[in-house]
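# Chains, contacts and geometry: an overview
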Amino acid sequence: MLRIHPIMAWLLFPLTMALVAVPALAGTEKSPHLARAVMCESLADYVPHRVAVVFPIEVGRIFCYTEFDSVPAKTFVYHKWFRRDQLVTTKRLVLKPPRWSSYSSIQLREADKGPWRVEITDRKGAVVKVLRFSVTD
Amino acid sequence: MLATDYLIASLRWQDLVDIILNSYILFRLYVLFRGTQVIRVVIGVGFLWILQGISRQLGLIVTSWVLQGIIALAALIIIIVFRNEIRRVIQAKNLKVLLWGWPQHGDLTPAGVIVESVYELARRRIGALIVLPSQDDLTDLVQGGVTWGGRLTKQMLISIFWPGNPVHDGAALVRNGYIERVGAILPLSNREDLPQRYGTRHRAALGLSESSDALVIVVSEERGDVTVAKDGRLHEIPDNLALNRHIRYHCQPVAGLDSSGRRQSIRLAAAALVCLLFVTGIWFRFARGLETLTTVEVPIEYMNRDQKVEILDTSVNRAVLHLTGSRALIKSLEAGQVKVLLDLSKAVVGTNTFSITADNVVLPPGIRLTRIEPAKVKVTVDRIVTKSLPIQVDWVGRLPNNLVLKKVSLHPEKAVVVGPSRVLASLSTVYTEKINLANINSSGRLSAGLVIAPATVKLAADSSSKVTIEYWLTERGG
C-alpha cells in the first residue's frame, strides 16, 4: 500500500490544486459581450453619430464603434479593416471590466472608394461581428 | 539509303493516290493520242523539260530560261496546231472511250482492192495519188477537191485517175472502204534532195506524209512505179505483196488489246510503266525534292484531366515548333494538322512540370520536328470545392446630401460558389453588380445580379444568381 509522508503531502497539495484549478478556470472563462457595433461618421462623448452603411468620400474619416456591456477581465479585441477582401489595417483595442466602449477609425482617401468590411475579432482571432459598408462618391 | 527509307516511310496514302491518278491520266493521254503527231511533239517537249531541269541543276541560267520559254511556247503551239486531234479526243462518243476504253483506230479499207487497182493503173501507166488517212485530221492539210462518197472498187479508182477525167490530177482520199474525196490538192514537200525521177505527185505525197500520219500511194505516170509515202519518207514498192503489207500495217487497229496481240500488250504495259515512273519522278521532284524549314505556333492541348481538378495556370499556352519537310508539304500544312498534346492524367494538385517532347507532338506524315520551344511547361491544377460566401452590395454614386443609407438587408445573405480550392481560399465575399445611389431617393427594395470572379469560380447550380436588397434611408441630421 502506498503511504505518503505528511510533509510531502503538504508540498504536493498546492501543486495538485493548481493542476485541477487551471482547466476549471479555462472552462469558465467568459468572453466580453458585444452589445453594439456600428459604422458612423463621427463620435461625440462615445455616442456614434450618423450611423450608416454608405459613406461619401467627402466625410473624410469614418469610425467603427463597438460597445461591450460585459467585460469579465481586462482583454482586447481587434478591428480588422478590409477593402474588397484586402486587409488595409488592424487596430488593437483594449477592453476593461465591467463595461467598455471603444472605436477605431480610418482617414478616407480618393482611392478608398468601394465596398468595405470591418471584422471584430476577440483576442484569439475568432470573428465576433462583421460590419459591411461602402465608401462612395 | 536513309533518305530513301525516309521518303518511302513518309509516303501518305494521299501521295500514292496522287501518283497513281496522274500516271493513269498520262497513260490515258498516251492511249488516246498514240500514233498521232501530238504524242511525238509531247515527248519532244518532255525531253526539253528534262534538259531544262539539268541545265538548271548545272547553273546554266540563260539556257534554263530559254528552254523554259520554249516549253511554254510549245505547250501553246501544241494546243493551236493539234486542235483538231485534241477536239477529236475530247468529242469522244462516250465517256468510256475517254476514261478507260481502247479507241479503235483501224481502217476497214479493203487492201486487196487498192493493191489490185494500183497495179492495174501502173500497168496502164496511169498516174495516181491515193491517200489513206489515219488518226490525224487532214482538214487543214488537204485543199480543194470534190466530195465523192462512193464505195471503193477497182473500176471506180481506175476511172477516177483515167486521163481526161476532170479530177484525175488530184488525190483521192480513201477511208473505211469509201472514196471520200477526189481531185484533192496535197501540200508539197520542200525537200531539195529528192531524186530527179520523182515528180509533183511524189512531192505532194511526201508533203502530206511529213505533216500527218497518212499513208499516200503514188503511181508514176512515166515509169509505172509504185511508191508509198509514210512519216516523211518515200518507199519504193517492188511488188503487190509489199504494197499489201504496207496498207495492212497502216490500216490495222492500233490500240485494241483483243486484236493487237502480245506485242501491243507489251507496248502498252511499257507505256504504263514509263508513265508511272515519269509521274513518280515528277512527284518526288515537286513534292519531296526541296526541303524547307518553318516555324509554327500551336496551342497546347491538355488531355486526360481528372474531372475533379481544374487547370488554374500554365506557364505557356502555346508552343513553337520548328518543322522541316518538303516545300509542298510545308505549304499545305493546315491549322488542325499540327497539335501539341499534354497528358494530365498524372498531374497532382499544385504545380506540375511537364517536358514537351516529340511524343507530345502530332504531325502529318512527311513533316519532321527539329525543335520545340519551350521544352517544359508548368501546369498548376487544383481540386474543385464548394464554399458559401456572404454577399455584399457594391454601392457607387452619391445619395442626395440630405439622405443617409442607414441599413441594408439581403436575401439571400450568402451565395454558394464552386471553384479551385486555392482560389476560393482567398475569396471571402461575393459582391453584387454596381448599384448607383443616384437612382435612389427613398427606402425600398431592388434586385441585383452577383459578380463572380475570377473566371475559374462559378456559382453552384442551386445558388441564385440574383439577390434582393432591402434598404432604409433616413434624413441626415445636423
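Preceding block: the structure.
The shown structure was predicted, so the numbers you read here are calculated from the model rather than taken from an experiment.

## Points about the environment of asparagine 441 of chain B
Residue and element names in this part refer to chain B. Tracing the sequence through the fold places asparagine 441 in the loop between strand S18 (430-436) and strand S19 (444-451). Asparagine 441 sits in the exposed class, given a relative accessible area of 58%. Taking C-alpha positions, asparagine 441 is 7.7 Å from leucine 403, a pair spaced 38 residues apart along the chain.

## Focus: the environment of asparagine 401 of chain B
Looking at the element boundaries, asparagine 401 of chain B is found in the loop between strand S15 (376-396) and strand S16 (403-411). Placed 74 residues apart in sequence, asparagine 401 of chain B and glutamate 475 of chain B show a C-alpha to C-alpha distance of 9.1 Å. Residues within four places of asparagine 401 of chain B in sequence aside, it is in contact with Glu58 of chain A together with Arg476 of chain B. Only 2.8 Å separates the side chain of asparagine 401 of chain B from the side chain of arginine 398 of chain B, close enough to count as a polar contact.

## Here we look at a nonpolar patch on the surface
Residue and element names in this part refer to chain B. A cluster of nonpolar side chains, Ile43, Phe47, Ile50, Leu51, Ile54, Leu58, Leu60 and Phe278, forms an exposed patch at the surface whose accessible area comes to about 760 Å². Tallying contributions element by element places helix H3 (residues 37-57) first for the nonpolar patch, with five residues. Turning to its location among the elements, phenylalanine 278 is positioned in helix H11 (residues 257-288).

## Side note on the state of the cysteines
One pass over the structure, following the stated rule, counts zero disulfides over all chains. Among the cysteines around cysteine 64 of chain A, which has no disulfide bond, cysteine 40 of chain A carries the closest sulfur, lying 8.2 Å off.

## Observations concerning the packing of aromatic side chains
Each aromatic ring pair is characterised by the separation of its centres together with the angle its planes make. Scanning the model with the defined rule gives nine aromatic pairs over all chains in all. Look at phenylalanine 63 of chain A and tyrosine 103 of chain A: their rings are 5.8 Å apart centre to centre, the planes differ by 65 degrees, and that puts the pair in the edge-to-face class. With phenylalanine 63 of chain A in strand S4 (residues 61-70) and tyrosine 103 of chain A in strand S7 (residues 100-107), the pair connects residues that are 40 residues apart, well separated along the chain. Taken together, the ring pairs connect Phe55, Trp81, Trp116 and Phe133 of chain A into an aromatic cluster. A cation over an aromatic ring shows up here: arginine 84 of chain A above the ring of tyrosine 431 of chain B, its NZ or CZ 5.0 Å from the ring centre.

## Quick word on the interface of chain B and chain A
Note on interface size: it is often stated as the accessible area lost on association of the parts. Contacts between the two partners involve 23 residues from chain B, matched on the other side by 18 residues from chain A. Interface area for chain B against chain A, summed over the two sides, is near 1700 Å², with a carbon-plus-sulfur share of 42%. Looking at the side of chain B facing chain A, the largest losses of area belong to Gln392, Arg398 and Tyr431 of chain B, adding up to 30% of the total buried there. Linking chain B to chain A there are three salt bridges. Between arginine 476 of chain B and glutamate 41 of chain A there is a salt bridge; the shortest N-O distance is 3.0 Å. Inspection of the region where chain B meets chain A yields 15 residue pairs in polar contact (both at pLDDT 80 or more). When contributions to the side of chain B that touches chain A are tallied by element, the ones reaching two or more residues are S15, S16 and S18 of chain B. At seven residues, the largest contribution of residues to the side of chain B that touches chain A is made by S15 of chain B.

## So, a positive patch on the surface
Together, Lys74, Arg92, Lys96, Arg123 and Lys124 of chain A make up a region of like positive charge exposed at the surface. Tracing the chain through its elements places lysine 96 of chain A in the loop between strand S6 (86-95) and S7.

## Focus on the environment of asparagine 439 of chain B
Residue and element names in this part refer to chain B. Relative to the helices and strands, asparagine 439 is located in the loop between S18 and S19. Residue asparagine 439 is classed as exposed on the basis of its relative accessible area of 64%. It is 9.7 Å that separates the C-alpha atoms of asparagine 439 and proline 400, two residues lying 39 residues apart in sequence.

Rules behind the numbers
- Along every chain, residues carry numbers that run from 1 in the direction the sequence is written.
- Whichever chain is written first becomes A and whichever ligand is written first becomes 1, with later ones labelled in order.
- Local features are withheld for residues below a pLDDT of 70 in this predicted model, meaning they are given only at 70 or higher, and side-chain atom pairs are given and counted only at 80 or more; totals for whole chains, interfaces and linings count all residues.
- No hydrogens and no water enter the side-chain calculation; it runs on all heavy atoms of the structure.
- Each helix is a run of H or I in the DSSP string that is no shorter than four residues. Each strand is a run of E no shorter than two, and both are numbered from the N terminus.
- Buried residues are those whose accessible area, probed at 1.4 Å on protein chains only, stays under 20% of the maximum for their type, while exposed residues exceed 50% and partly exposed ones sit between those limits.
- When checking whether two residues touch, look at their non-hydrogen atoms; a contact exists if any pair is within 4.5 Å.
- N or O atoms closer than or at 3.5 Å make up a polar contact, with two conditions inside protein: a donor-capable atom paired with an acceptor-capable one, and, for residues adjacent in sequence, both atoms drawn from side chains.
- Patch membership is restricted to residues that have no salt bridge and whose relative accessible area is over 30%. Joining uses 9 Å for like charges and 5 Å for the nonpolar side chains Val, Leu, Ile, Met, Phe, Trp and Tyr.
- Computed by Shrake-Rupley with a 1.4 Å probe, the accessible areas treat only the displayed protein chains as cover when residues are assessed.
- Salt bridge, as used here, is a side-chain nitrogen of Lys or Arg placed within 4 Å of a carboxyl oxygen of Asp or Glu.
- Working definition: a disulfide is two cysteine sulfur atoms within 2.5 Å of each other.
- Stacked, tilted and edge-to-face pairs are distinguished by plane angle, under 30 degrees for stacked and over 60 for edge-to-face with tilted covering the rest, among Phe, Tyr and Trp rings (Trp via its six-membered ring) whose centres lie within 6.5 Å.
- We call a charge positioned above a ring when the Lys NZ or Arg CZ atom is no farther than 6 Å from the ring centre and deviates by at most 35 degrees from the ring normal.
- Using a 1.4 Å probe, buried area is obtained as the accessible area two parts lose upon being combined, added over both of them.
- Under the counting rule used here, the positive set is Lys and Arg, the negative set is Asp and Glu, and His together with the chain ends is not counted.
- Just so you know, the charge point we use is NZ for Lys, CZ for Arg, CG for Asp and CD for Glu.

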